[in-house]
Amino acid sequence: MTGASVAPSPVASAIEASRQSRAGALIGYLPVGFPTLDDSVDAAVALVENGVDVLELGIPYSDPVMDGPVIQKATQASLDGGFRLRDAFTAVERIRARVDAPVLLMTYWNPVVQYGVGRFADDLVSAGGAGLITPDLTVDSGAVWLAESDRTGLDRVFLAAPTSTDERLRLAVENSRGFVYTVSTMGTTGARAELGAAAETLVGRLRSVGSVSACVGIGVSTPEQIAEILGYADGAIVGSALVRALADDGVPGVARLAARLASGTAR
Amino acid sequence: MTIEATPTHLRDEQGPFFGEFGGRFMPESLIAALDELSAAYDVAKADPEFHRELAELHRTYTGRPSIITEVPRFAEHAGGARILLKREDLNHTGSHKICNVLGQALIAKRIGKTRLIAETGAGQHGVATATAAALFGMECVVYMGEVDTERQALNVARMRLLGATVIPVTTGTRTLKDALNEAFRDWVANVENTHYLLGTVAGPHPFPVMVRDFVKVIGEEARQQVIDLTGSLPDAVVACVGGGSNAIGIFHAFLDDPDVALHGFEAGGDGVDTLRHAASITMGRPGVLHGSRSIMLQDEDGQTIDSHSISAGLDYPGVGPEHAWLASIGRATYTPVTDAAAMQAFRLLCQTEGIIPAIESAHALAGAIELGRTLGEKATILVNLSGRGDKDVETAGAYFGVLDAGAGA
Ligand SMILES: Cc1ncc(COP(=O)(O)O)c(C=O)c1O
């Protein structure tokens, strides 16, 4: 693994710990600044207090091509509310002051480019963040980020898709640190009633090219789906369902859903 | 007579990068489709049968080669320079967009895709895609910003008549950039049977190179036509720039003719000193949008800034990477033209030459007027008249109705 020489990944450690005590990790996504910056911090803290092992904070972006309607609407509301990039670091810092779970930022690539990749990495380290998930940056286009994440020791989570060739899966596995984001189905983010067999097949393919930490996301919304995923993967990622709960029922609502989802991680 | 281009090889760029611009910044879910497309395109490019089939379609269906028309009465208002229009407006479906569409539709057929999706701003690319889908018996879905479905209602009806489904996009700014986002989302979910027929020289590799190769026929024809007519190369070649396909289409054949100035005219909207414009190269910064590194309108945080133009087809905050590169090396010059200047040129061409241009193309005409006044009467200026204005009759009618209170226009 390219990153093996730097400090152990806090995300990988948290996932490993969850596999010792339970069936695997629950990873929760929420966008920064939705419905307000304060509420997004409180909601993220509530996720961890109710059983989420790793946080994924989304940076709102004007052109989110990987996102479905629920997340689009929330991130647009955050942008309309005046979200600035620096708010992401503030949120990470405030969350980390209150809970111990590692925090990854999920961001489209242009905001990082404009901030400066090196400066972004430094500020994320200062805020206590664990690393980045980059939905529109693949390993083969990511030389600058590979170098900056190595320099700073930040985690970097690349995506693997059902359509990826074995060669590309190997590239994602060898260059990811923390986990590999296993895209369950072909499509954008958003809850799905059924998860097909594609995710299990893909995790199997990732294992065969050496993955020790594969987490499944896109479409996951129930404790039953989480239990099923943790039967073959290391973690399950929930996004849109949490965002919808936050939109509909506020911080108490998202806390209740997190607790219910966490029941799916029992062994 | 022929005139050999100098061997500086600007024409040889094949991507994925043009200088620092271009590349492929896309979700992993789409990489396999982009690889498949690249491979299929490389095979087709080397296959004489593919070129024969496309050329035959252009001859019998598009109506190529398109003619050039000299416009002396219009030119009187442009410092007396000699102005030649490359008549892409006379193509079947009414614009240059059909060149790219037929090329990509043939590729889609080769890789077994049965469904075409497209984004469209003015509706010209959507109409061309719907046309190709009808011709090849494919399903067609076109994404169009809700704002654009209103201002280009006629083209929405045309697409539906051709059997396509038009989906108004209500996210973001509800214009062309959001239509691209929606098309990418559709593609991620349906990549198995679907080809995303991107409508300009933007997007991830291989689109900027492939689309350019399909539209460069415009400049190849025009270069020889101008030589045949005038005995020499033009002094300047002029086009409007939205994503940049008609501009690269006419520029490309001249890239290695250093004495030929290349001028792209961007949509200046209400003026570049206001926030309401779409002058990406003039006012933008390098960054990543829609899958490639190029130049775009964005705020300090890298959020895309809404563009504005009276012309739906130019109302895009980005531009193709090859243009960003040509601007950065100084080979082409990009200048904004306001809505008002474009509309004056629109009316001038109508009334001096009996040709109703697309409002997009009217930006190039306005640029040519300024350029002619600078270069003087010895100059020859070749203008890409990228499309016809039938789709714009309502907009233009309303525009002049307001300005002139119904008189004079
Ligand atoms: C007639 C016409 N010209 C120009 C454009 C702008 O696109 P591009 O810059 O890719 O040529 C459009 C786009 O819809 C168009 O319809």
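Rules and cut-offs
Residues numbered from 1 in each chain as written. Chains lettered and ligands numbered in written order. Predicted model: local features only at pLDDT ≥ 70, side-chain atom pairs only at ≥ 80, totals over all residues. Heavy atoms only, no water. Helix = DSSP H or I, 4+ residues; strand = E, 2+ residues; numbered from the N terminus. Rg over C-alpha atoms; globule rule 2.2 N^0.38 Å. Buried < 20%, exposed > 50% of the residue type's maximum accessible area, 1.4 Å probe, protein only. Near = heavy atom within 4 Å. Polar contact = N/O pair within 3.5 Å; in protein donor to acceptor, adjacent residues only side chain to side chain. Areas by Shrake-Rupley, 256 points an atom, 1.4 Å probe, with all protein chains shown as cover. 1 Å grid on protein atoms, 1.4 Å probe; cavity = no way out; pocket = protein on both sides within 12 Å on 5 of 7 lines; lining within 4 Å. Sits in = over half its atoms within 2 Å of the grid points. Phe/Tyr/Trp six-rings, centres within 6.5 Å; stacked < 30°, edge-to-face > 60°. Lys NZ or Arg CZ within 6 Å of the ring centre and 35° of its normal. Pairing = 2+ DSSP bridges. Contact = heavy atoms within 4.5 Å. Axes fitted to C-alpha atoms, helices over the stretch in contact; angles between N-to-C directions. Arc of directions from axis to C-beta. Buried area = accessible area lost by both parts, 1.4 Å probe. Salt bridge = Lys/Arg side-chain N within 4 Å of Asp/Glu carboxyl O. Nonpolar A, V, L, I, M, F, W, Y, C, P; charged D, E, K, R; others polar. Parallel < 35°, antiparallel > 145°, perpendicular 65-115°, else oblique. Left-handed = near helix turned anticlockwise from the far one by under 90°. Points joined across faces, edges and corners; volume = space filled by probe spheres on them. Domains from an automatic or database assignment.

Caption draft 1: Broad picture of the overall build of chain B. On a plain count of helices and strands, chain B comes out with 16 helices and 14 strands. Its C-alpha atoms give chain B a radius of gyration of 20 Å, near enough to 22 Å, the size a compact globule of 409 residues would have. In terms of principal-axis extent, the alpha carbons of chain B reach across some 55 × 50 × 45 Å. Within the span of chain B, comprising 409 residues, buried residues form 64% of the whole.

Caption draft 2: Molecular detail of the site of the ligand. All names here are of chain B. Around the ligand, the surrounding shell holds 19 residues, and the nearest of these are T200, G242, G244, S245 and S386. With respect to the ligand, the backbone of G243 contributes an N or O atom lying 3.2 Å from an oxygen atom. In the model, an oxygen atom of the ligand is placed 2.7 Å from a nitrogen or oxygen of the G244 main chain. Relative to its free-state accessible area of 400 Å², the ligand is covered by the protein chains to the extent of 98%. The pocket occupied by the ligand, as judged from atoms lying within 2 Å of grid points, is the largest cavity.

Caption draft 3: Structural context of the packing of aromatic side chains. According to the stated counting rule, one finds 15 aromatic pairs over all chains in the structure shown. Aromatic pair W187(B) and Y196(B): ring centres 5.9 Å apart, planes at 70 degrees, arrangement edge-to-face. With relative accessibility at 2%, the residue W187(B) sits in the buried group. We classify Y196(B) as buried; its relative accessible area is 0%. Aromatic rings pair up to connect F184(B), W187(B), Y196(B) and F207(B) into one cluster. Over the face of the ring belonging to Y115(A) we find R119(A), whose NZ or CZ atom lies 3.8 Å from the ring centre.

Caption draft 4: Examining the sheet that holds strand β1 (residues 25-31) of chain A more closely. Residue and element names in this part refer to chain A. Pairing within the open sheet is parallel, and its nine strands lie in the order β5-β4-β3-β2-β1-β9-β8-β7-β6. Two strands bound the open sheet, and with one partner strand each, they are β5 (155-157) and β6 (159-160). Judged from the four bridges that link them, strand β7 (residues 180-183) and strand β8 (residues 214-217) form a sheet pairing that is parallel. Bridge assignment links Y181 to a residue of β8, and that residue is C215. Each of β1 and β2 (54-58) touches helix α2 (residues 37-49); the most contacted strand, β1, lies at about 170 degrees to it.

Caption draft 5: Seen up close, helix α9 (residues 198-208) of chain A. All names here are of chain A. Of the residues making up α9, those classed as buried are A199, L202, V203 and L206. Buried residues of α9, viewed axially, fall in a sector of 100 degrees; they line one side. Those residues of α9 that are buried are in contact with β6, α8 (166-175), β7 and β8. Of the residues one or two after α9, G210 is the one with positive phi, at around 105 degrees.

Caption draft 6: The interface of chain B and chain A, seen in detail. Contacts between the two partners involve 33 residues from chain B and, on the opposite side, 35 residues from chain A. Each partner contributes to the roughly 2700 Å² buried at the junction of chain B and chain A, and carbon and sulfur atoms together form 47% of this total. Counting across the chain B and chain A interface gives five salt bridges. Viewed at the interface, chain A and chain B are joined by 23 residue pairs in polar contact (both at pLDDT 80 or more). Broken down by secondary-structure element, the contributors of at least two residues to the side of chain B that touches chain A are α1 (28-45), α8 (176-190), β11 (285-289) and β12 (292-296) of chain B. Top contributing element to the side of chain B that touches chain A by residue count: α8(B), with seven residues. Across the side of chain B that touches chain A, the residue classes break down as 13 nonpolar, ten polar and ten charged.

Caption draft 7: Local environment of the packing of α2(A) against helix α11 (residues 240-262) of chain A. All names here are of chain A. Closest axis-to-axis distance for the α2/α11 pair is 8 Å, and the angle between their directions is 40 degrees. The angle between the axes of α2 and α11 places the two elements in the oblique class. Taken as a pair, α2 and α11 cross one another with a handedness that is left-handed. On the side of α2, the interface is formed by D39, D42, A43, A46 and L47, while α11 contributes L242, L246, V251, V254, A255 and A258. Looking at the contact of α2 with α11 residue by residue, the classes come out as nine nonpolar, no polar and two charged.

Caption draft 8: Quick look at empty space enclosed by the protein. Tallied over the entire structure, the rule returns seven cavities of 30 Å³ or more. Considered as a void within the structure, the largest cavity measures approximately 320 Å³ in volume. Residue lining of the largest cavity: 30 residues in total, with H96(B), K97(B), G313(B), L314(B) and E360(B) positioned closest to the centre. Of the residues in the lining of the largest cavity, the class split is eight nonpolar, 18 polar and four charged. Both domains that meet at the lining of the largest cavity, namely domain 1 (27-61 + 97-211) and domain 2 (63-94 + 217-400) of chain B, each give it at least three residues. The computed volume of the second largest cavity comes to approximately 120 Å³. Lining the second largest cavity are 18 residues, with I71(A), Y181(A), T189(A), G239(A) and S240(A) sitting closest to its centre. Taken together, the elements giving at least two residues each to the lining of the second largest cavity come down to β9 (235-238) and α11 of chain A. Residue classes in the lining of the second largest cavity are distributed as ten nonpolar, six polar and two charged.

Caption draft 9: Inspection of the environment of L47(A) at higher detail. All names here are of chain A. For L47, the location among the structural elements is in helix α2. When the C-alpha atoms of L47 and I27 are compared, they prove to be 9.3 Å apart, with 20 residues separating the residues in sequence. Aside from chain neighbours lying at most four places away, what touches L47 is G28, L30, V52, L55, L242, V254 and A258.

Caption draft 10: Structural view of the side chain of E221(B). Residues and elements named next belong to chain B. Within the fold, E221 resides in helix α10 (residues 217-230). Within the structure, the side chain of E221 is placed 2.7 Å from the side chain of K86, a separation counted as a polar contact. Contacts of E221, omitting those with residues within four sequence positions, involve R64, P65, S66 and K86.

Caption draft 11: Seen up close, the sheet that holds strand β4 (residues 82-87) of chain B. Residues and elements named next belong to chain B. Reading across from one edge, β3-β4-β14-β9-β10-β13 is the order of the six strands in this open sheet, with mixed pairing throughout. Single-partner strands in this sheet number two, and they are β3 (68-70) and β13 (332-338). This sheet shows a mean twist of 25 degrees between the axes of neighbouring strands, independent of strand direction. Both strand β10 (residues 261-269) and β13 contribute to a ladder of seven bridges, which runs parallel. Bridge pairing in β13 places A267 opposite V337. Running over the sheet, helix α14 (residues 339-353) touches β3, β4, β10, β13 and β14 (380-385) and is turned about 90 degrees from β13.

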